[in-house]
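Now for the letters of each chain:
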Amino acid sequence: MAPGRTSEPKIIVALLPEPETVATCLDCALAAANGFEATISAIQIGFNPKFAFVPPEEIAIQQLRELREGTIAQRLARTKAAYDAWLADRRHAPISWKHDEGDVGQLVAAETGSADLVVMGNPVRLDGRDAFHATLFWSKRLLLVAPPDPREGPRLERVIGRHIVVGWKPGEPVKRAARQALPWLQRAGKVTVVSVEKPGADYQATARAFFSELGIAVDCVELRREAGSVGRQLLAAADRLGADSLLIGAFKHGALWEAILGGVTRDVLAAAHIPVFMMC
């Protein structure tokens, strides 16, 4: 395949491990599919110890979980109800429903193996966090993280890809994410590369060279490093620029490192109000 050319996405998997994120996940999946001949597979996945080998302490954790979140059947029912409510006004959406339960990591690997894009809401419960981790670190698929639903006012129709901001720091994670997101970058009306530069660094030169190889025209914006979070700087820049989505390389230093010491990925996930493409 020639540089700058890619096949269009055909399969978009929307993982629905929890009812709270169903609507925003499906909104983003539908927006990502817009303009492509892609189908959306909405898959509700949940942990069930009957179909997974787990130690006794894990079973005890799941029993305590049922006291807070309900049984497996109850969680499934709430997720399916949220899906049906979303679908009620979108009967012609190219989407199908599936339910599966067992070991969440194994389910994610099986269900996303042929996906061009996996869409998830920012997880709030155990199954969601397990599915998120499995997608990023095991399946290694391009992940689109849907932002939380707005708490006030009407939910607006989601648009993805008119203006994509790329949070750039030279390295393989962001390059992998950009290569996998090439269909959306090629379709975008505008792509802006935003870098938070260290003194003496020249991130923009590496960005221009990389996107030139991909055949993507980009504008570059250099930010001066401020006190506080680089991730929040990127989000603030995306907001000022009017971007509808952000693309970053995820967990460059590892999830455990960022959980303890902080990092761009963690901060972006905590504060993003636009969809975020990411890949490790």
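To be clear, the structure that these remarks concern was listed above.
1. Examining the overall build of the chain
Phase 1 of the analysis: Each helix and strand in the chain was counted, giving eleven helices and ten strands.
Phase 2 of the analysis: The 280 residues of the chain split such that 51% are buried.
Phase 3 of the analysis: Look at the contacts in the chain between residues 6 or more apart in sequence, and 79% of them connect residues 24 or more apart.
Phase 4 of the analysis: As displayed, the chain has an accessible area near 13800 Å², and 53% of this comes from carbon and sulfur atoms.

2. A closer look at the pattern of salt bridges
Side-chain pairs of opposite charge can arise where the charged atoms are in close proximity.
Phase 1 of the analysis: Within the structure shown, the criterion is met by seven salt bridges.
Phase 2 of the analysis: Arg125 is the salt-bridge partner of Glu20, the closest N and O atoms lying 2.6 Å from each other. With Glu20 in the loop between β1 (11–15) and α1 (22–33) and Arg125 in the loop between β4 (117–121) and α5 (126–139), this pair connects stretches of sequence that are 105 residues apart.
Phase 3 of the analysis: Asp267 is the partner of Arg266 in a salt bridge, and the nearest nitrogen-oxygen pair spans 3.6 Å.

3. So, helix α6 (residues 172–180)
Along an α-helix, a turn takes 3.6 residues, which lines up residues three or four apart on a common side.
Phase 1 of the analysis: Taken together, the buried positions of α6 are Pro173, Val174, Ala177 and Ala178. Down the axis of α6, the smallest arc covering the buried residues is 130°, so these residues share one side.

4. Quick look at the sheet that holds β4
By definition, the strands of a sheet pair up through backbone hydrogen bonds, in either a parallel or an antiparallel sense.
Phase 1 of the analysis: Ordered in space as β3-β2-β1-β4-β5-β10-β9-β6-β7-β8, the ten strands form an open sheet in which the pairing is mixed. Of all strands in the sheet, those with a lone pairing partner are β3 (95–102) and β8 (219–224), marking the two edges. With strand direction ignored, the average angle separating the axes of adjacent strands in the sheet is 25°.
Phase 2 of the analysis: The strands touched by α5 are β1, β2 (39–47), β4, β5 (143–146) and β10 (276–279); relative to β4, the strand with the most contacts, the crossing angle is about 155°.

5. Remarks on the packing of aromatic side chains
Each aromatic ring pair is specified by the distance between its two centres and by the angle formed by the two planes.
Phase 1 of the analysis: Taken as a whole and assessed by the stated rule, the structure comprises six aromatic pairs.
Phase 2 of the analysis: Put simply, the rings of Phe36, Trp184 and Phe277 touch in pairs and so form one group of aromatic residues.
Phase 3 of the analysis: Sitting above the plane of the Trp97 ring, Lys80 keeps its charged end 5.4 Å from the centroid.

6. Observations concerning unusual backbone geometry
Phase 1 of the analysis: In the Ramachandran plot, Lys140 falls in the positive-phi region, its phi being about 55° despite a non-glycine side chain.
Phase 2 of the analysis: The residue Lys140 is located in the loop between α5 and β5 in this model.
Phase 3 of the analysis: Here Lys140 falls in the partly exposed class, since its relative accessible area comes to 48%.

7. Some points on the pairing of β5
Phase 1 of the analysis: Residues Leu143 and Val145 of β5 are buried on one face, and the alternating residues Leu144 and Ala146, pointing to the opposite face, are buried as well.
Phase 2 of the analysis: Strand direction decides the pairing type here: β4 and β5, joined by four bridges, are parallel. From the neighbouring strand, Met120 faces β5, where its bridge partner is Val145.
Phase 3 of the analysis: Between the parallel pair β4 and β5, the chain is carried across by α5, and the sense of this crossover is right-handed.

Cut-offs applied
- Residues numbered from 1 in each chain as written.
- Predicted model: local features only at pLDDT ≥ 70, side-chain atom pairs only at ≥ 80, totals over all residues.
- Heavy atoms only, no water.
- Helix = DSSP H or I, 4+ residues; strand = E, 2+ residues; numbered from the N terminus.
- Buried < 20%, exposed > 50% of the residue type's maximum accessible area, 1.4 Å probe, protein only.
- Contact = heavy atoms within 4.5 Å.
- Areas by Shrake-Rupley, 256 points an atom, 1.4 Å probe, with all protein chains shown as cover.
- Salt bridge = Lys/Arg side-chain N within 4 Å of Asp/Glu carboxyl O.
- Arc of directions from axis to C-beta.
- Pairing = 2+ DSSP bridges.
- Axes fitted to C-alpha atoms, helices over the stretch in contact; angles between N-to-C directions.
- Phe/Tyr/Trp six-rings, centres within 6.5 Å; stacked < 30°, edge-to-face > 60°.
- Lys NZ or Arg CZ within 6 Å of the ring centre and 35° of its normal.
- Right-handed = clockwise from strand over helix to strand, strands pointing away.

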